[in-house]
2 protein chains.
Amino acid sequence: VVLQAEVLYDFTAEPGNNELSVRRGETVTTVGGGWIEAQNSSGQTGLVPEGYLQVSITAVFSGYQWISRSWQITVGLYVLRFPFSKGPSPEVFLLAKPPANKVGPVWLYPLAPLDCVIADPKKESKLYGLKSFIEYQITPNTTNRPVNHRYKHFDWLYERLLEKFGSALPIPSLPDKQVTGRFEEDFIRMRMEQLQAWMTRMCRHPVVSQSEVFQLFLTYRDEKDWKAGKRKAEKDETVGPMIFSLLEPEAAELDTAEVEQKCEHYSRFTKSMDDGVRELLNVGNTHWKRCTGPLPKEYERIGRAFRNLSTVFISSRYPGEETLTDALTAAGQTYEEIAEIVAQQPQKDLHFLLETNNEYKGLLGCFPEIMAVHKAAVDKVKEADRLVSAGKITNNDRKLMNQRVSCMSYSLQAEMNHFHSNRIYDYNRVMQLYLQQQVTFYEQIADKLRGALSRFATL
Amino acid sequence: VVLQAEVLYDFTAEPGNNELSVRRGETVTTVGGGWIEAQNSSGQTGLVPEGYLQVSITAVFSGYQWISRSWQITVGLYVLRFPFSKGPSPEVFLLAKPPANKVGPVWLYPLAPLDCVIADPKKESKLYGLKSFIEYQITPNTTNRPVNHRYKHFDWLYERLLEKFGSALPIPSLPDKQVTGRFEEDFIRMRMEQLQAWMTRMCRHPVVSQSEVFQLFLTYRDEKDWKAGKRKAEKDETVGPMIFSLLEPEAAELDTAEVEQKCEHYSRFTKSMDDGVRELLNVGNTHWKRCTGPLPKEYERIGRAFRNLSTVFISSRYPGEETLTDALTAAGQTYEEIAEIVAQQPQKDLHFLLETNNEYKGLLGCFPEIMAVHKAAVDKVKEADRLVSAGKITNNDRKLMNQRVSCMSYSLQAEMNHFHSNRIYDYNRVMQLYLQQQVTFYEQIADKLRGALSRFATL
């Protein structure tokens, strides 16, 4: 694979480090990863930090040429290779597997995965304090330069992405807008966490992350830049099903029957996963309520009962029972501490399990629409023969229709593969986190109880 | 301390082992413990197995002589020393503390603590199968010879003990008689365990355990022996408040005001402990229901939700996710196993905590009656001056009354001290058992979860 890249910033190589000096605007060909090993037009090679390059702009490989900047799929036996990344997330390794030659069409992933960090929520006001809002600072890993946005802007971005990509890709909803309590610390923290999850998911998507509107959101230079970009995005006409027109239609046409069978399978899969996710959310929420409500209350009552008994024993005036009463008091305190640990635990583990499943509930909720758009196109193509016979369309029209529905099928398959590889990564990660935290939780309680036990007299 | 003992069975000393041959009916003086070092009337000393001796029949010590066979207290500064015991229970060491010089009157404890084992419940029938019942085998550590009794006999024993000692000592109720399900295995096991706890507590009481009726129950030779003993016990007239007449009245009289103050303190203590025990039983029973009901059901649901999701994932046809689906299935099974562990746990720890507290609830429930008997006597004595003035009783009568109420106060104090030392031992033991089992429980879950965690792919 040979990828060409446009240089965004000047970079001066340090001598002796195998680095390559590049100038803004220059086009280089990428060779390796990490710091990206690049070759300039004079044939010199050397390392350039990947953040300095906007990669995957034009990819030339084995027979297919993709011209769209933000809309690329690879087909057939092409194996995606990801360069080593020194970025914050190890997920590219997982996302890289399994290779395209086993799963069919996959999106062409950018060499350096985009990511961003949302931080530093600040209360700002407008109109001389009449309108207050929270502004978040968002820093993408590409420019490392923070931009500010309020919830309203995220919502604008969501609307644009939904409009543009909603027929082809799942664009999950933002966390709900909330009217009351908007400025409470806990709410702000939770909202920021949810916005972060949403942005991370969008950054991870090779099509969304490279779209102009998304890049605008993350990298606008100033207010003027932002306003102009907004106007342009709102006038974008390549939205809805027209998005498929961006796909290069030269890939081999697919067999309709096979495509239909695959779609049915996807539908069944997303439906069953939706059921599974809902059931997990259901029991998870019930468990949350128990763990933060009645269960710690009960441990507290047990602890109090032990301590009360100890107080009664102390009042006995019987000599020599200090060891017992001290130990019983300590046991009581231990159960009161356990109550606290139990009540705090869901925030440490169940929380992430539920958040991940909530995200997937959101993603899965988008698929019926995507499937319906695809099915409508397939049904139309199946009518084509009749329409040709009836003289309503030409043979050429039919051919074009076939090509277009084939594009849509490629897109759907690439999207399902994207969904699957993300799903494997996400569930693997969240289950490990959950179990790790659960192990720590039970170990912590066992330790506390061991301490309480040691205070009793050995007989 | 010098204790005299009557030899119950012939014992032939093995030469060279420092043993002493004794004959049934012989009286020896005890010197040491374990195997009891005894001195016979000719001044020879040597070891005799303690089960072969019925000890504490007559105790002669520092100025007081107690003549009753089954009703002895020690007063003042006398320190009880317990010999080393090779018996099954280490409790004598604990029960021996603190010494009498700190706590006031204490019962004179037998050198070798009595104990018995209830086992081998058998369904028996009478009247050619018309009446069926369960017969238990009870083996006391003194004779090591099993006797058989059915529940009805325990109930008879309870009635006798209550009648004879109920004004002075707490005689807790037997486990409830049950009409249906009497022959089910679980019920029989539970009933046997409760009868064992009841018998152990009675065996531990120095007055009850040495009473004729209790000894009859444990050591009757044959049906004839049993029937004759029963008739005799039912005709016993030294019952109710008359039990105090068995107490040697030569101990120094006690100050009434001080006694009354102590009694008030006992009353308050038993009342508060009763409240404490009931609260612990209350929360314990609630916790039991949660641990055997909704909590394991929830873990089961969590486990099932994980396994369902794994099944859905397997159906994806996406290659290379076996590690995830295997691990997710294993995690699901782990939570289903945890559900089982959680549901079984109360039987292993909470059970004993609740049983011990139930026993104490039973014991504490007896004290109001004992206190009331004592208070009535004290009130009567306070009237004595007036009655002497009115010529209704003589000065001698008043003196006798004083002596008698003093006996009752000694008895009450000894009983409270017995209660306290048992309470310290029992709660120390049951809390250790509970916490030990709880530690094991949480460790076991942490281990299981660690196993489940290890099956996920490391990123």
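Sequence order sets the numbering: in each chain, residues are counted from 1 along the sequence as written. For naming, the first written chain is A and the first written ligand is 1, with later ones following in the order written. A pLDDT threshold of at least 70 governs which residues receive local features in this predicted model, and a stricter bar of 80 or more applies before side-chain atom pairs are shown or counted, although totals over entire chains, interfaces and linings include all residues. The side-chain quantities take in all heavy atoms of the structure and omit both hydrogens and water.

Named according to an unreviewed UniProt entry, chain A is Sorting nexin 9a originating from Sparus aurata. UniProt positions are given in the numbering used here, feature names are shortened, and annotations may be inferred rather than shown by experiment. Under the UniProt heading Sequence similarities (unreviewed entry), the entry covering chain A gives this text: "Belongs to the sorting nexin family." Turning to chain A, the UniProt record has this under Subcellular location (unreviewed entry): "Cytoplasmic vesicle membrane".

Undergrad: What should I look at first to understand the overall build of chain A in this one?
TA: Secondary structure elements are taken from DSSP: a helix is a run of H or I of four residues or more, a strand is a run of E of two residues or more, and numbering for both begins at the N terminus. If you tally the helices and strands in chain A, you get eleven helices and eleven strands. In this description, accessible areas are obtained by the Shrake-Rupley approach with a 1.4 Å probe, and a residue is regarded as covered only by the protein chains that are shown. Carbon together with sulfur atoms contributes 50% to the accessible area of chain A, which is approximately 21700 Å² in total.

Undergrad: Is there a simple way to explain the nonpolar core in this structure?
TA: Where a protein is soluble and globular, its nonpolar side chains tend to be buried together. Among the nonpolar cores identified, the biggest contains 112 residues, and Met 273 and Phe 306 of chain A together with Met 273, Phe 306 and Leu 435 of chain B are the most heavily contacted of them. For this analysis, residues touch if any pair of their heavy atoms sits within 4.5 Å. When near neighbours in sequence (up to four residues on either side) are disregarded, Phe 306 of chain A contacts Leu 328, Ala 331, Gly 332 and Tyr 335 of chain A together with Leu 280, Leu 353, Met 431 and Tyr 434 of chain B. We call a set of buried Ala, Val, Leu, Ile, Met, Phe, Trp, Tyr and Cys residues a nonpolar core when their side-chain atoms join them within 4.5 Å. Using a 1.4 Å probe on the protein chains alone, a residue whose accessible area is under 20% of its type maximum counts as buried, one over 50% counts as exposed, and one in between counts as partly exposed.

Undergrad: What am I meant to see in unusual backbone geometry here?
TA: Glycine aside, negative phi is the norm for most residues, and most peptide bonds take the trans geometry. A positive phi angle is found at Asp 120 of chain B, which is not glycine, with a value near 55°. Tracing the backbone through its elements, the reader meets Asp 120 of chain B in strand S9 (residues 116-126).

Undergrad: Looking at this structure, how should I read the sheet that holds strand S11 (residues 147-150) of chain B?
TA: Two modes of strand pairing occur in sheets, parallel and antiparallel, and in both the strands are linked by backbone hydrogen bonds. All names here are of chain B. Strand order across the open sheet formed by three strands is S9-S10-S11, with antiparallel pairing between neighbours. Strand pairing shows two members of the sheet lacking a second neighbour, S9 and S11, which therefore form its edges. Here the strands of the sheet are splayed against their neighbours by 30° on average, with no regard to which way each runs. Under this scheme, a helix contributes an axis fitted over its contacting stretch, all axes are lines through C-alpha atoms, and angles between N-to-C directions fall in the 0 to 180 degree range. Each of S9 and strand S10 (131-140) is contacted by helix H4 (residues 185-204), which is oriented at about 130° to S9, the strand it contacts most. At least two bridges found by DSSP between two strands is the condition for calling them paired.

Undergrad: I tried to follow the pattern of salt bridges on my own but got confused; where do I start?
TA: Whenever Lys or Arg places a side-chain nitrogen within 4 Å of a carboxyl oxygen from Asp or Glu, that contact is recorded as a salt bridge. A complete count under the given rule lists 48 salt bridges over all chains for this structure. Residue Glu 443 of chain A is joined to Arg 450 of chain B by a salt bridge in which the shortest nitrogen-to-oxygen separation is 2.3 Å. Placement of Glu 443 of chain A in helix H11 (residues 395-454) and of Arg 450 of chain B in helix H11 (residues 395-454) is noted, with the two residues assigned to different chains. Residue Glu 443 of chain A is classed as partly exposed on the basis of its relative accessible area, which comes to 29%. Of the residues examined, Arg 450 of chain B reaches a relative accessible area of 35% and is grouped as partly exposed. Note that Arg 450 of chain B and Asp 447 of chain B form a salt bridge whose closest N and O atoms lie 2.7 Å from each other. Of this pair, Arg 450 of chain B and Asp 447 of chain B both sit in helix H11, three residues apart, which is roughly one turn of that helix. Ionic contacts of the salt-bridge type, sharing partners, join the residues Arg 201, Arg 204, Glu 359, Asp 426 and Arg 429 of chain A into one network.

Undergrad: Hey, could you run me through a positive patch on the surface in this one?
TA: All names here are of chain A. Any residue with relative accessible area above 30% and no salt bridge may belong to a patch, with like charges joined within 9 Å and the nonpolar Val, Leu, Ile, Met, Phe, Trp and Tyr side chains within 5 Å. In this tally Asp and Glu are treated as negative and Lys and Arg as positive; neither His nor the chain ends contributes. The location of each charge is read from NZ of Lys, CZ of Arg, CG of Asp or CD of Glu. Together, Lys 126, Lys 131, Lys 152, Lys 177, Lys 227, Arg 231 and Lys 235 give the surface a local cluster of positive charge. With three residues, the single largest contributor to the positive patch is helix H6 (residues 223-235). With respect to the helices and strands, the residue Lys 131 is situated in strand S10 (residues 131-140).

Undergrad: How do you make sense of the interface of chain B and chain A when you look at a structure like this?
TA: Interfaces are often described in size by the accessible area the parts lose on coming together. If you look at the interface, chain B gives 70 residues, while chain A gives 69 residues. Buried area is understood as the total, over both parts, of accessible area removed when two parts are fitted together, assessed with a 1.4 Å probe. Between chain B and chain A, roughly 6800 Å² of surface is buried when both sides are summed, and carbon and sulfur atoms account for 70% of that area. The tally of links between chain B and chain A comes to eight salt bridges. Here a polar contact is recorded for every N or O atom pair within 3.5 Å, except that within protein the pair must consist of a potential hydrogen donor and a potential acceptor, and residues adjacent in sequence are included only if both atoms are side-chain atoms. Joining chain B to chain A, the criterion identifies 24 residue pairs in polar contact (both at pLDDT 80 or more). For the side of chain B that touches chain A, the elements supplying multiple residues, two or more each, are helix H2 (100-103), helix H7 (256-292), helix H8 (294-314), helix H9 (322-348), helix H10 (350-389) and H11 of chain B. We call Asp, Glu, Lys and Arg charged. Ala, Val, Leu, Ile, Met, Phe, Trp, Tyr, Cys and Pro are nonpolar, and the rest, Gly among them, are polar. Of the residues in the side of chain B that touches chain A, the class split is 40 nonpolar, 17 polar and 13 charged.

Undergrad: Looking at this structure, how should I read the sheet that holds strand S9 (residues 116-126) of chain A?
TA: All names here are of chain A. Judged by pairing direction, the sheet is antiparallel, and its three strands sit side by side in the order S9-S10-S11 without closing on themselves. Strands with a single pairing partner mark the edges of an open sheet, and in this sheet they are S9 and strand S11 (147-150). The mean inter-strand angle of the sheet, taken between neighbouring strand axes irrespective of direction, is 30°. Packed on one face of the sheet, helix H3 (residues 151-165) meets S9, S10 and S11 and runs near 90° to S11.

Undergrad: Is there a simple way to explain the relation of the copies chain B and chain A in this structure?
TA: Copies of the same chain, two in number, are related to each other by a rotation about an axis and a translation along it. Only residues with pLDDT of at least 70 in both copies count here: their C-alpha atoms drive the least-squares fit that superposes the copies. For the pair chain B and chain A, the relating rotation is 180°, the translation along its axis is 0.0 Å, and the fit reaches an RMSD of 0.2 Å. Overall, the copies show the geometry of a two-fold rotation axis. In terms of proximity to the rotation axis, the leading residue of chain B is Tyr 442 of chain B, whose C-alpha is 2.7 Å off the axis. By residue overlap, the copies meet face to face through one surface: 99% of the interface positions of chain B are interface positions in chain A.

Undergrad: When you look at helix H3 (residues 151-165) of chain B in this model, what are you seeing that I'm missing?
TA: Side chains that are three or four residues apart share a direction in an α-helix, a result of its 3.6 residues per turn. Residue and element names in this part refer to chain B. In this scheme, a helix's expected span is set at 1.5 Å multiplied by one less than its residue total. For H3, built from 15 residues, the straight-helix expectation of 21 Å at 1.5 Å per residue is met to within 8% by its first-to-last C-alpha distance of 21 Å. Among the residues of H3, those classed as buried are Tyr 151, His 153, Phe 154, Trp 156, Leu 157, Tyr 158, Arg 160, Leu 161, Lys 164 and Phe 165. Where H3 is buried, its residues contact S9, S10, S11, H4, helix H5 (212-219) and helix H6 (223-235).

Undergrad: Honestly, the packing of helix H9 (residues 322-348) of chain A against H11 of chain A in this entry has me stumped. Any pointers?
TA: The description of two packed helices rests on the angle between their axes and on the distance between the axes. Residues and elements named next belong to chain A. The interhelical angle for the contact between H9 and H11, taken along N-to-C directions, is 175°, at an axis separation of 10 Å. Here H9 lies roughly antiparallel to H11, going by the angle between them. Side by side, H9 and H11 meet where Ala 331, Thr 334, Tyr 335, Glu 337, Ile 338, Ile 341, Val 342, Gln 345 and Lys 348 of the first sit next to Gln 437, Gln 438, Phe 441, Gln 444, Ile 445, Lys 448, Leu 449 and Ala 452 of the second. Along the lines of polarity and charge, the residues of the contact of H9 with H11 split into nine nonpolar, five polar and three charged. The scheme is simple: roughly parallel for angles under 35 degrees, roughly antiparallel for over 145, roughly perpendicular for 65 to 115, oblique for anything else.

Undergrad: For this particular structure, what's the right way to read the side chain of His 153 of chain B?
TA: Residue and element names in this part refer to chain B. Structurally, His 153 can be placed in helix H3. On the accessibility criterion, His 153 (18% relative accessible area) is buried. Apart from residues lying up to four places away in sequence, His 153 is in contact with Asn 148, Phe 217 and Trp 226.

Undergrad: Can you walk me through the environment of Lys 289 of chain B in this structure?
TA: By secondary structure assignment, the location of Lys 289 of chain B is in helix H7. Distance in space between the C-alpha atoms of Lys 289 of chain B and Pro 346 of chain B is 9.3 Å, their sequence separation being 57 residues.

Undergrad: Can you walk me through the packing of aromatic side chains in this structure?
TA: How two aromatic rings sit relative to each other is given by the distance of their centres and the angle of their planes. All names here are of chain A. Here a pair means two rings of Phe, Tyr or Trp (six-membered ring of Trp) with centres within 6.5 Å. Their orientation is stacked below 30 degrees between planes, edge-to-face above 60, and tilted elsewhere. Taken as a whole and judged by the stated rule, the model has 31 aromatic pairs over all chains. Here Phe 154 and Phe 217 contribute two aromatic rings whose centre-to-centre distance is 5.1 Å and whose plane-to-plane angle is 65°, an arrangement assigned as edge-to-face. On the criterion of sequence distance, the pair formed by Phe 154 in helix H3 and Phe 217 in helix H5 (residues 212-219) is long-range, its members being 63 residues apart. Residues Phe 154 and Phe 217 agree in their burial class; the two are buried. Each ring, one from Phe 367 and one from Phe 419, has its centre 5.2 Å from the other, and the planes form 80°; the classification is edge-to-face. Highlighted residues: Phe 367 in helix H10 (residues 350-389) and Phe 419 in helix H11, separated in sequence by 52 residues. The class of Phe 419 is buried, set by a relative accessible area of 4%. Three or more aromatic residues link up through ring pairs in this structure, and these residues are Tyr 136, Phe 154, Trp 156, Phe 217, Tyr 220 and Trp 226.

Undergrad: Explain the environment of Glu 359 of chain A to me, please; I cannot follow it from the model alone.
TA: Residue and element names in this part refer to chain A. Of note, Glu 359 is situated in helix H10. Between the alpha carbons of Glu 359 and Trp 198 there is a distance of 8.1 Å; along the sequence they are 161 residues apart. Filtering out sequence-adjacent residues up to four positions away, Glu 359 remains in contact with Ala 197 and Arg 201.

Undergrad: Looking at this structure, how should I read the packing of H4 of chain B against H5 of chain B?
TA: Residues and elements named next belong to chain B. Two numbers describe how H4 lies on H5: the axes approach to 12 Å, and their chain directions differ by 130°. As the angle between them shows, H4 and H5 are arranged oblique. In terms of crossing hand, the pair formed by H4 and H5 is left-handed. On H5, the residues touching Met 199, Met 202 and Cys 203 of H4 are Phe 214, Phe 217 and Leu 218. A per-class count over the contact of H4 with H5 returns six nonpolar, no polar and no charged. Helix crossings are classified by the rotation of the near helix relative to the far one: an anticlockwise turn of less than a right angle makes the crossing left-handed, while a clockwise turn makes it right-handed.

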